[in-house]
Amino acid sequence: SNIALQNSMRRILENYAALFAGTKIENIWENFEGDERALCRSLISWLNDGSHSSGDALNIAMDDAVIETSLKVFREIFVSLGHQNHFDHMMRQESV
């Protein structure tokens, strides 16, 4: 569900980053540079906003392009942490 996407992604990153990467979700953007850093910071901000707000996001239709970009950045976070194989396995994709 697109409505649950933000909260699900935030929970995954918070738990995975803390347990397996030894970092906090708020610091993940430090693994990136340039435009990718800005995209990662934006994603984390969007995740926190969507999962900590009072349900205002339920009235906003999420654009497919936003979702696609968010999922790409989400994957790149796992790649930057050295856990691409785990991401690909959980998403049932083959490693590139």
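Calculation notes
Residues numbered from 1 in each chain as written. Predicted model: local features only at pLDDT ≥ 70, side-chain atom pairs only at ≥ 80, totals over all residues. Heavy atoms only, no water. Phe/Tyr/Trp six-rings, centres within 6.5 Å; stacked < 30°, edge-to-face > 60°. Helix = DSSP H or I, 4+ residues; strand = E, 2+ residues; numbered from the N terminus. Buried < 20%, exposed > 50% of the residue type's maximum accessible area, 1.4 Å probe, protein only. Lys NZ or Arg CZ within 6 Å of the ring centre and 35° of its normal. Salt bridge = Lys/Arg side-chain N within 4 Å of Asp/Glu carboxyl O. Expected span 1.5 Å × (residues − 1). Core = buried A, V, L, I, M, F, W, Y, C linked by side-chain atoms within 4.5 Å. Contact = heavy atoms within 4.5 Å.

Caption draft 1: Just the packing of aromatic side chains, in detail. With the rule as written, the count across this model stands at 5 aromatic pairs. Between Phe 74 and Phe 78, the ring centres sit 5.4 Å apart and the planes meet at 70°, which makes this aromatic pair edge-to-face. Here the residue Phe 74 and the residue Phe 78 both occupy positions in helix H3 (residues 64-80), the gap between them amounting to 4 residues, near one helical turn. Comparing Phe 74 with Phe 78 shows no difference in burial state: the two are buried. In this structure, Arg 41 is placed above the aromatic ring of Trp 29, and the distance from its NZ or CZ to the ring centre is 4.1 Å.

Caption draft 2: Here's a closer look at the pattern of salt bridges. In this structure the tally under the stated criterion is 4 salt bridges. Between Arg 10 and Glu 14 there is a salt bridge, with its nearest N and O atoms 2.7 Å apart. Linking Arg 10 with Glu 14, this pair stays in helix H1 (residues 2-20), spanning 4 residues, or about one helical turn. Here Arg 10 falls in the buried class, since its relative accessible area comes to 7%. A residue is classified by how much of its surface remains accessible, and Glu 14, at 29% relative accessible area, is partly exposed. The partner of Arg 75 in a salt bridge is Glu 76, with the nearest N and O atoms 3.7 Å apart. Given the relative accessible area of 31%, Glu 76 is considered partly exposed. Linked through salt bridges whose partners overlap, the residues forming this network are Arg 75, Glu 76 and Asp 88.

Caption draft 3: Layout of H3. For H3, built from 17 residues, the straight-helix expectation of 24 Å at 1.5 Å per residue is met to within 8% by its first-to-last C-alpha distance of 24 Å. For H3, every residue scored as buried is listed here: Ile 67, Ser 70, Val 73, Phe 74, Arg 75, Ile 77 and Phe 78. Two residues or fewer after H3 comes Gly 82, characterised by a positive phi angle close to 80°.

Caption draft 4: The arrangement of the nonpolar core in detail. Leu 13, Ile 28, Cys 40, Leu 43, Phe 74 and Ile 77 are the most contacted members of the largest nonpolar core, which totals 20 residues. Elements that contribute at least two residues to this core include exactly H1, helix H2 (34-52) and H3. In this structure Cys 40 touches Ile 28, Trp 29, Phe 32, Val 73 and Ile 77, once residues within four positions along its chain are discounted.

So, to be careful, I would describe these as geometric facts and stop short of saying anything about function.
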